[in-house]
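Descriptive analysis of the structure
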Amino acid sequence: MSGIKLSYRVDGDNFSSAGEASEQVKMRLKQLGVDSSIIRRVAIAMYEAEINMVIHAKGGMAYVEVEPDRIVLSLQDEGPGIADIELAMKEGYSTAPDTIRALGFGAGMGLPNMKKYTDEMKITSEVGKGTTVDMIIYLSAK
Amino acid sequence: MMKNFYSVTLDPEKCKGCINCMKHCPTEAIRVRGGKAQILYDRCIGCGECIRACSHHAKKVNYDPFSIIDGYEYKIALPPPSLYGQFQNLTNINYVLQGLLDLGFDDVFEVSCGAELASQVTRMYIDHAHNLPVISSACPAVVELILMRFHNLKDHLLPILAPVEIAAKLAREAAVKKTGLAPEKIGIFFISPCPAKIFTLKTGLGSTSSKVDGVLAQSDVYFRLVEKMNAIKTEPDERMTSGLLGVGWASSGGEAAGVLKEKYLAADGIENCISVLEALENNTLTDVDFVELNACPGGCVGGVLNVENPFIARAKIKKLRKYMPVTRSRIEDFGRDLSYFAWEKDPETMPVFRLDADFGKALMKMQQVEDIYAQLPKLDCGLCGAPSCRSFAEDVVSGRLPEGAVCPRLKEE
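Residues numbered from 1 in each chain as written. Chains lettered and ligands numbered in written order. Predicted model: local features only at pLDDT ≥ 70, side-chain atom pairs only at ≥ 80, totals over all residues. Heavy atoms only, no water.

Okay, the overall build of chain B next. A count of helical and extended segments in chain B gives 16 helices and 11 strands. The C-alpha radius of gyration computed for chain B amounts to 22 Å, which stays within 12% of the reference 22 Å derived for 413 residues, consistent with globular compactness. C-alpha extents for chain B along the principal axes are approximately 75 × 50 × 40 Å. A separation of at least 24 residues holds for 78% of the contacts in chain B among residues at least 6 apart in sequence. In the structure as shown, chain B presents an accessible area of about 17,400 Å², 50% of it carried by carbon and sulfur atoms. Between the averaged position of the 47 positive side-chain charges in chain B and that of its 51 negative side-chain charges there is a distance of 3 Å. (Helix = DSSP H or I, 4+ residues; strand = E, 2+ residues; numbered from the N terminus. Rg over C-alpha atoms; globule rule 2.2 N^0.38 Å. Contact = heavy atoms within 4.5 Å. Areas by Shrake-Rupley, 256 points an atom, 1.4 Å probe, with all protein chains shown as cover. Lys, Arg positive; Asp, Glu negative; His and termini not counted. Charge placed at Lys NZ, Arg CZ, Asp CG, Glu CD.)

What follows covers empty space enclosed by the protein. Gaps left between atoms are located by rolling a probe of water-molecule size over the structure's atoms. All names here are of chain B. Counted under the stated rule, the structure contains 8 cavities of 30 Å³ or more. What the largest cavity holds in volume is close to 200 Å³. As for the largest cavity, its lining consists of 19 residues, and the residues nearest its centre are A138, P163, K197, W249 and C300. For the lining of the largest cavity, the secondary-structure elements that each account for two or more residues are α4 (111–128), α6 (163–179) and β11 (290–294). Considered class by class, the residues forming the lining of the largest cavity number 14 nonpolar, 2 polar and 3 charged. (1 Å grid on protein atoms, 1.4 Å probe; cavity = no way out; pocket = protein on both sides within 12 Å on 5 of 7 lines; lining within 4 Å. Points joined across faces, edges and corners; volume = space filled by probe spheres on them. Nonpolar A, V, L, I, M, F, W, Y, C, P; charged D, E, K, R; others polar.)

Looking now at helix α15 (residues 389–398) of chain B. Most of α15(B) is tucked away, with 9 of its 10 residues classed as buried. Listed in full, the buried residues belonging to α15(B) are C389(B), R390(B), S391(B), F392(B), A393(B), E394(B), D395(B), V396(B) and V397(B). In this structure, the buried residues of α15(B) make contact with α1 (20–32) of chain A together with β2 (30–33) and α14 (359–375) of chain B. Two residues or fewer after α15(B) comes G399(B), characterised by a positive phi angle close to 85°. (Buried < 20%, exposed > 50% of the residue type's maximum accessible area, 1.4 Å probe, protein only.)

A word on the layout of surface pockets. Quantified by volume, the second largest pocket comes out at close to 870 Å³. As for the second largest pocket, its lining consists of 30 residues, of which Q24(A), M27(A), R28(A), E28(B) and R390(B) are closest to the centre. Of all elements in the fold, only β1 (4–11) and α1 of chain A together with α11 (270–281), α14 and α15 of chain B reach the threshold of two or more residues within the lining of the second largest pocket. A per-element tally of the lining of the second largest pocket places α1(A) first, with 6 residues. Split by residue class, the lining of the second largest pocket holds 10 nonpolar, 6 polar and 14 charged.

This part covers the sheet that holds strand β7 (residues 134–135) of chain B. Residues and elements named next belong to chain B. Within the open sheet, the 3 strands sit side by side as β7-β11-β10. Their pairing is parallel. Of all the strands in the sheet, just β7 and β10 (264–268) have a single pairing partner and so form its edges. Direction of pairing for β7 relative to β11: parallel, over a ladder of 2 bridges. Residue pairing in the sheet places V134 in a bridge with F290 of β11. (Pairing = 2+ DSSP bridges.)

Opposite the 23 residues of chain B that make contact, chain A presents 28 residues. Between chain B and chain A the total buried area reaches about 2,200 Å² when both faces are included, carbon and sulfur atoms providing 57% of it. Interface area lost by chain B to chain A is led by F359(B), L363(B) and M366(B), which between them contribute 29%. Applying the counting criterion to the chain B and chain A interface returns 3 salt bridges. The partner of E278(B) in a salt bridge is K26(A), and the shortest N-O contact between them spans 2.4 Å. Counting the contacts that link chain B with chain A gives 10 residue pairs in polar contact (both at pLDDT 80 or more). (Buried area = accessible area lost by both parts, 1.4 Å probe. Salt bridge = Lys/Arg side-chain N within 4 Å of Asp/Glu carboxyl O. Polar contact = N/O pair within 3.5 Å; in protein donor to acceptor, adjacent residues only side chain to side chain.)

Quick look at the sheet that holds strand β9 (residues 214–217) of chain B now. Paired through their backbone hydrogen bonds, the strands of a sheet run either parallel or antiparallel. Residue and element names in this part refer to chain B. Spatially, the 4 strands line up as an open sheet ordered β6-β5-β8-β9, and their pairing is parallel. Lying at the two open borders of the sheet, with one neighbouring strand each, are β6 (107–108) and β9. When strand β8 (residues 186–192) meets β9, the two strands line up parallel, connected through 4 bridges. If you follow I191 over to β9, its bridge partner there is L216.

Right, let's get into the packing of α1(A) against α14(B). Axis separation between α1(A) and α14(B) bottoms out at 9 Å; the angle between their running directions is 130°. Taken together, the axes of α1(A) and α14(B) lie oblique to each other. Residue-level contacts link R28(A), Q31(A) and L32(A) of α1(A) to F359(B), A362(B), L363(B), M366(B) and E370(B) of α14(B). (Axes fitted to C-alpha atoms, helices over the stretch in contact; angles between N-to-C directions. Parallel < 35°, antiparallel > 145°, perpendicular 65-115°, else oblique.)

As structure tokens, then:
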């Protein structure tokens, strides 16, 4: 039994379409019959990562692999990168501009939420090159 | 759940096989096959979007004929508050209630009375709910949608009977007491603004049994009723059992206002409801205690069985509500405890979008869908009879289309 690979381009210059990729993934997982509590965790983690890519990195690519026992998410951008990952992981820490905060985003909960709702999370980043957020959610709780 | 009652049906004579209804269906429950629209009933939420979209009037609502009331010894009409917004120059709702009596009903029981009781129960429920926000269960199209597509949110649904069900229960009991007749000799008839309410009243959602004996259509009752109302010579007696709170349920925001909480959200129109449900699922909508969702634009006044434009009806109701007391009915008046208003059963989620019950097979099928989809022009033109290229691919994989079915656009090339 093999898995399935899905990929989505996240458009960076249109904030109003942010969240479309996670919505697509959510629908795919529902079609696969994945347990709804798992779908909720994937939805939240991926949505946060997708929004981050739009706010900070002018978009990027979202790769989703659904394997028989786990869901692997990889969100890759070529944005400014994160200088201090430990600091970025702190609840409430945010570098989002005021225009984004005015929309209700930028509360500094994005990365902490991604960690909270996934089983494994890894950030790889290089200033000036970009950031990759890898996340894994296991289906075994099913 | 097996559906054995269809609230929306097709008149194949009138159907031209255009794709308007299919493109408007929010659950992709319509296909055009052999030049006629077909409804995939396991996906139909009864919202009525296809009826709105059909310019040939080929989509029909399956309601009971008015003559059904003749089969009962004692007949009670349940008018919903949306009905009050349908009339020209109406200044007093008692004309509507008297008109219904003149039409042959022995009594009337306002659904807005049931709504006031539902509001009171909701207020008590929210104060102890741990699953905030509470999502209204009054619009059956929205509840069906949640059961099909937003399984995560099922536990947020308000587990109490809809106002019409509360009204029907109380009306039958009061009539038994008053007339001494057996309960089955009493006929309870809802005058529905929409197909979704017909569907749930016939099949039950949080109910174990149908609370009504028939569901009439507002559009069918309207002209008979206007005739009777116009013939009323003297000021009718006061029969109202609801105030501005219950009557306010007719339009979007009315139910939420009745919760008497500051942190609420009210959305109407099926696409807006879907956006709000998506946000709830993504955890991006927080700090609200109550969410009211109405599939129809403007709320129940926007149901496809209404006669008047939803926004005109809403304005008329606003005028009628002026100088009304806030409420006229409280649960204390009926001497019932909370369990009387609670759902009698937990409605089940329906995995209608699942490709296969077996996860491994579902993964395989989704790969096939992706492979087919990759070849398609992604125009979502509807020529193939499916609402989008993706649903065409899903239809092939799920066997709704024969294997080897070809996209007509690709065939042209």
